[in-house]
Every structure is written in C-alpha cells, then in structure tokens.
Amino acid sequence: MSEEELQLHFTYEEKAPGSYGTECEDLIEELLCCLIQLIVEIPLLDITYSISLEAVTTLIVFLSCQLFHKEILRESIIHKYLMHGRCLPYTSRLVKTLLYNFIRQERSPPPGTRVFQQQTDGGGLLYGIASGVATGLWTVFTLGGVGSKPTPHLEQCSPLANQSLLLLLVLANLTDAPDTPNPYRQAIMSFKNTQDSTAFSSSNPHAFQINFNSLYTALCEQQKSDQATLLLYMLLHQNGNVRTYVLARTDIESLVLPILEILYHVEERNSHHVYMALIVLLILTEDDGFNRSIHEVILKNITWYAERVLTEISLGSLLILVVIRTIQYNMTRTRDKYLHTNCLAALANMSAQFRSLHQYAAQRIISLFSLLSKKHNKVLEQATQSLRGSLGSNDSPLPDYAQDLNVIEEVIRMMLEIINSCLTNSLHHNPNLVYALLYKRDLFEQFRTHPSFQDVMQNIDLVITFFSSRLEQAGAELSVERVLEIIKQGAVALPKDRLRKFPELKFKYVEEEQPEEFFIPYVWSLVYNSAVALYWNPRDIQLFTMDSG
C-alpha cells in the first residue's frame, strides 16, 4: 500500500456523542519513536533479544515503501518523521546501537528464552496470521523467533546483527530533505574512536564515540556478506576518522585478505559485491603508507589461491595477482569498463611503491600485457578486414572497431605506465620484474614506434637494452640465479638520470554525481534477499536482484 494508505491505519479520531470537528491524531510518529526507544534503551539480554529484533525489523518494514517504487523516493512521510521532530534527538544513539549490534554479533538465544515460542510445525502464530492476511511483506520481514524452521545459515550467524546492519544502511542512504541533510549519514560520517579525546565539532550534533578496535575486528570477520563490504566502503569513503585508523593498523592483512578473497571468487559473487570490494582497495591504495606496508607483510600458504601454490608471498604481490586475475576475468566474461578502470587505477596507485615483487606476480604483469597485445592485434586485423570488405559493399554497416581499438589502447598505455612507474621509482627493488621483462622483450617491439606509446616506451626500451647487453657480455647458458644476480648488479650500475621522469600515477576514487541511484536499489536488494533467504530455500526461488528488479 502507499504511505498515505498506511497513515490512515495509524490515524486516531475520538468520536464522542454529539461532538463535531474533532482533530485526528497521527500515531505513526509516536510508534516510530517508541520503536527507536526500544532499540536504544533496552539492554540486550536473552529475554530481550526477540523484542529488539522485532523493533529493528518493524522499522525496516516502515521504510520498505521504496521496494514498490521504481524511482528513488525523495519525499516520504516516514523519512520526514525519522529526520525531524521527536525521532531526531535519538539519531546518534540509534546509529551507535545498530553499529554495536553488528559488532557484537550476538546469536539468537536458545528457544527456551524466547518471548515468542516456535511451534512444532515450524510456523508461529504471527507467521500464520501474516501468511494468511498479508501479501508477503510481514512474512518476509518478521525475522524473530516466529518464522519458519531455522536454516543452517541462521544458526551460524546473528539475525539481530544482520538486521541492524541492513537498517543502518537503509537509514544512511535516505535522501536528504530539501531543508536538512540526512542526520543518520552525518552521524556515520563523524563518529570517533573512544580513545580520541578531542572535542566534538559544534556543527555536528549527531557525533558520538565507538570502540574502533571492536569495529575493525567485526569488519574483518564479516566481509563475506555484501552488507559488511558496503558498510566498510561507506566508513572508508565518508568517515575520515575510521580511514585514518584503518590505515594505521599494523595488521592490515586481516582486512585486505577477505577483500582479496571476494575478488578471487569473482565467479561466485554478484557484480555489485565485487565492485564494492574493488572500490575499497582503490581507496586504500590512495595512501602511500599502505602501498609501502603491504610489501612488508609476508604471508604463508594462501590456501584459497588455486592457480599456483604460494608458500610464501608478500601481501602486496598477492594483491597484484588478484587484481590482475580480476582484469583477465573481466576481459573474457563481463567486459565492464568501470571494473577495468578501477583495477588499473589500484595497480597504478601502488606501482611506484612495488617492492620485491614475487616472481609469479612479475610474470602475471607481463602476461596481462601479452594478452592485451594479442587482443590489440586481433581487433586491428578485424578492423582492416572489415574496411577492405566494405569497399565492395555499401549495404552492411561497419562494426565500431575504432571504439574497441581506442579502449584497448587506453588499457595498454595504462599498463605501460604502471611498468614504467615501477622501473623509474624502484628498479633496484624488483629484479623479478626486470627478468620477466627481458624474457618477453619481443612483446614490446611493436609499441616502440606507435605514436600513442612512444613516450612511455622510452624508459622500458632503455631498461631492456641496458640489461640485454649486460647479459650478452656475461655469455650464454646462464642459470636463472645468475641472470637475477646480473640484473641486481646492473640495477645499481644504471644511472638514474638516464630514466625519464613522468608525473606520479595517482588516482582518487570519486563517487558518482547521483550515488543514490546505485546505492538505494542495492541496499534494498540486500534487504529483500536477506528476508527471502530466511523463509525460502534460495534454490527454490529466483532471488530479487538489482539487474532483474
């Protein structure tokens, strides 16, 4: 139903005999305020778990009118009540409580402590009423101890933590009112660490403090879900205090490894989860300290990386491997230009700080260039053949090979700039990259005289020529170890002033002009999927997604 119809259900009018013109009282604001008070005032215990869960879920239900609108809701009765009036003073406490619910990950208490007992057939009283009377929304959103039989997924996680996170994301993505910005987003943008003793800004009444160590731990542990990755993105992008804290952590691998695992299993993840994980990496690589520190973290036995046994590798080299693998997957499957751009931007940000690259990472960088080179030659050949064929026929329209060629040349130039940046800034730290470059030197021959690449090829050409001559002087039949030794000696001997300096490669993530057009449908698809997964086996139903919805 529409919000206007919903409001009628909560409009109270007392009719006394003989009275005329009595005023109607709107009870929605009072109910919303009571729900928020339940969430922030009641301590979380076994006996209060269900009521806290129902209060959070009911708020989601009240906000769910967006599910039935194709356009973004910019004016809403519920939004107005939540962002003004009696609910407004609870903003920071509500955001803080929802965050702590996510951090604590409290599991649903044993059945004996629930207020609403489950029936033996798996359907409670309220569940039965909802199934019979409502059109499904009550069923979908009532996630407390009144639903169907618990699923294995539910037993392993916290329904309250999940619902609290979803509500937090919904609130944070409400559109700004004409006269005031979204207070929930302001609260998320400005909260500080409990150890931060600096005074709050008077310009933001919704600021609060939270334990960053606990928040960081929860974010690291929960990255398998879209909603946790989306929260991480929001905090890194919008809250400078969180971003500074995360970048200062000495155990950054605890956060980066789960993100890399999302990208590695790209085939199993939805495109939006992959995209958010990639943006998180891009934001992290904007920081030079991060780009240096990841090469100092040595990892042992990465079991989920299946292409090759990695007994010992730096976090930086692993990050490069996973990003390159994502680019190659995208080239053959999805062909999403945004994904390409962001992957290459992350590599470019790191390139000046590449240190002691693993031999496999160095090989994959050159292999990617090889793949791009072959693709370039193929498109060029298709364009030439098409042009010849069109001379004898005026009927069929020409495919747009010029655009394809332009895109692939942009990517090739970016890869050359990444290699060039590494050679210019940290040649002596990366003998494995020089080795891979020399091994595949023929690849670069065709680009030396190409007008689009001549400038950036100068340094690469110089390095190949310099080290090739040193290897020739050393004689034939050299072992891998001897070649690497010659490269290390040559790196010290090569005068730095012979390499031409280029502007530093730095890319900064910029949110789109109307981010709500992406984030609001995405958040509501997560709410819907979460609800559906609780009541139906996902194999039996076509889940709602942004693409189909």
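In what follows, the structure referred to is the one given above.
Residues numbered from 1 in each chain as written. Predicted model: local features only at pLDDT ≥ 70, side-chain atom pairs only at ≥ 80, totals over all residues. Heavy atoms only, no water.

## Digging into the overall build of the protein
Per the secondary structure count, the protein includes 24 helices and six strands. The buried share among the 549 residues of the protein stands at 50%. Counting contacts in the protein only where the partners sit at least 6 residues apart, residues at least 24 apart contribute 73% of the total. Total accessible area on the protein stands at roughly 27,200 Å², and carbon and sulfur atoms take up 52% of it. (Helix = DSSP H or I, 4+ residues; strand = E, 2+ residues; numbered from the N terminus. Buried < 20%, exposed > 50% of the residue type's maximum accessible area, 1.4 Å probe, protein only. Contact = heavy atoms within 4.5 Å. Areas by Shrake-Rupley, 256 points an atom, 1.4 Å probe, with all protein chains shown as cover.)

## A word on the pattern of salt bridges
Tallied over the entire structure, the rule returns 16 salt bridges. Of the charged contacts in the structure, one is a salt bridge between glutamate 517 and arginine 74, with a shortest N-O distance of 3.2 Å. In this pair, glutamate 517 is assigned in helix H24 (residues 516–535) and arginine 74 in the loop between helix H3 (49–63) and helix H4 (77–83), connecting sequence segments 443 residues apart. On the basis of relative accessibility, which here comes to 41%, the residue glutamate 517 falls in the partly exposed class. On the basis of relative accessible area, arginine 74 is assigned to the partly exposed category, the value being 40%. A salt bridge links arginine 185 to aspartate 176; the nearest nitrogen and oxygen atoms lie 3.0 Å apart. Exposure remark for aspartate 176: the relative accessible area of 39% places this residue in the partly exposed category. Among the charged side chains, a network of salt bridges with common partners joins Arg74, Glu516 and Glu517. (Salt bridge = Lys/Arg side-chain N within 4 Å of Asp/Glu carboxyl O.)

## So, helix H17 (residues 315–332)
At 3.6 residues per turn, the α-helix brings residues three or four places apart onto the same side. Over its 18 residues, H17 runs 26 Å from end to end, which matches the ideal 26 Å to within 8%, given 1.5 Å per residue. Burial of H17 is extensive: 17 of the 18 residues sit out of reach of the surface. (Expected span 1.5 Å × (residues − 1).)

## Comments concerning the packing of aromatic side chains
Inspection of every chain in the model, using the stated rule, returns 18 aromatic pairs. Ring geometry for tyrosine 305 against tyrosine 360: centres 6.4 Å apart, planes inclined by 85°, an arrangement best described as edge-to-face. Linking tyrosine 305 in the loop between strand E5 (298–300) and strand E6 (312–314) with tyrosine 360 in helix H19 (residues 359–391), this pair joins segments that are 55 residues apart in sequence. There is no split in this pair, since tyrosine 305 and tyrosine 360 are both buried. (Phe/Tyr/Trp six-rings, centres within 6.5 Å; stacked < 30°, edge-to-face > 60°.)

## A look at unusual backbone geometry
Positive phi, close to 50°, is recorded for glutamine 105, a residue that is not glycine. Among the structural elements, glutamine 105 can be located in the loop between helix H5 (91–104) and helix H6 (125–133). Classification of glutamine 105 by relative accessible area gives partly exposed; the value is 21%. Positive phi, normally seen in glycine, also occurs at serine 356, with a value near 45°. Following the sequence through the fold, serine 356 ends up in the loop between helix H18 (337–351) and H19.

## What to know about helix H22 (residues 454–474)
In this model, H22 (21 residues) spans 30 Å end to end at C-alpha, consistent with the 30 Å of a helix rising 1.5 Å per residue. Along its buried surface, H22 packs onto helix H20 (401–426), helix H21 (431–439) and helix H23 (480–493). Phi for glycine 475, located one or two positions after H22, is positive at around 100°.

## Details of the packing of helix H2 (residues 28–41) against H3
In the contact formed by H2 and H3, the axes pass within 9 Å of each other and the chain directions differ by 140°. As for how H2 packs across H3, the hand of that crossing is left-handed. Across the interface between the two elements, Leu31, Leu32, Leu35, Ile36, Leu38 and Ile39 of H2 pack against Ile51, Ala55, Val56, Thr58, Leu59 and Phe62 of H3. When grouped by side-chain class, the residues that make up the contact of H2 with H3 number eleven nonpolar, one polar and no charged. (Axes fitted to C-alpha atoms, helices over the stretch in contact; angles between N-to-C directions. Left-handed = near helix turned anticlockwise from the far one by under 90°. Nonpolar A, V, L, I, M, F, W, Y, C, P; charged D, E, K, R; others polar.)

## Looking at empty space enclosed by the protein
Enumeration according to the criterion identifies two cavities of 30 Å³ or more in this entry. Size it by volume and the largest cavity reaches roughly 80 Å³. In terms of lining, the largest cavity is formed by Leu63, Gln66, Leu73, His79, Val170, Asn173, Leu174, Ile520 and Trp524. Considered class by class, the residues forming the lining of the largest cavity number six nonpolar, three polar and no charged. Contributing elements (two or more residues each) for the lining of the second largest cavity: helix H11 (212–221) and helix H13 (240–248). Considering each element in turn, the lining of the second largest cavity owes the most residues, four residues, to H11. Of the residues that constitute the lining of the second largest cavity, the class distribution is seven nonpolar, no polar and no charged. (1 Å grid on protein atoms, 1.4 Å probe; cavity = no way out; pocket = protein on both sides within 12 Å on 5 of 7 lines; lining within 4 Å. Points joined across faces, edges and corners; volume = space filled by probe spheres on them.)

## Concerning the nonpolar core
With 170 residues, the main nonpolar core has Tyr233, Tyr305, Leu318, Ile365 and Phe444 as its most contacted residues. Setting aside anything within four residues of it in sequence, one finds isoleucine 365 in contact with Ile320, Ile324, Phe354, Leu357, Met415, Ile419 and Leu433. (Core = buried A, V, L, I, M, F, W, Y, C linked by side-chain atoms within 4.5 Å.)

## Quick look at the environment of serine 468
Here serine 468 lies in helix H22. Overall, the relative accessible area of 9% leaves serine 468 in the buried class. For the pair serine 468 and isoleucine 487, spaced 19 residues apart in the sequence, the C-alpha separation amounts to 9.5 Å. Contacts of serine 468, omitting those with residues within four sequence positions, involve Leu438 and Arg441. At 2.9 Å, the side chain of serine 468 and the side chain of arginine 441 are in polar contact. (Polar contact = N/O pair within 3.5 Å; in protein donor to acceptor, adjacent residues only side chain to side chain.)

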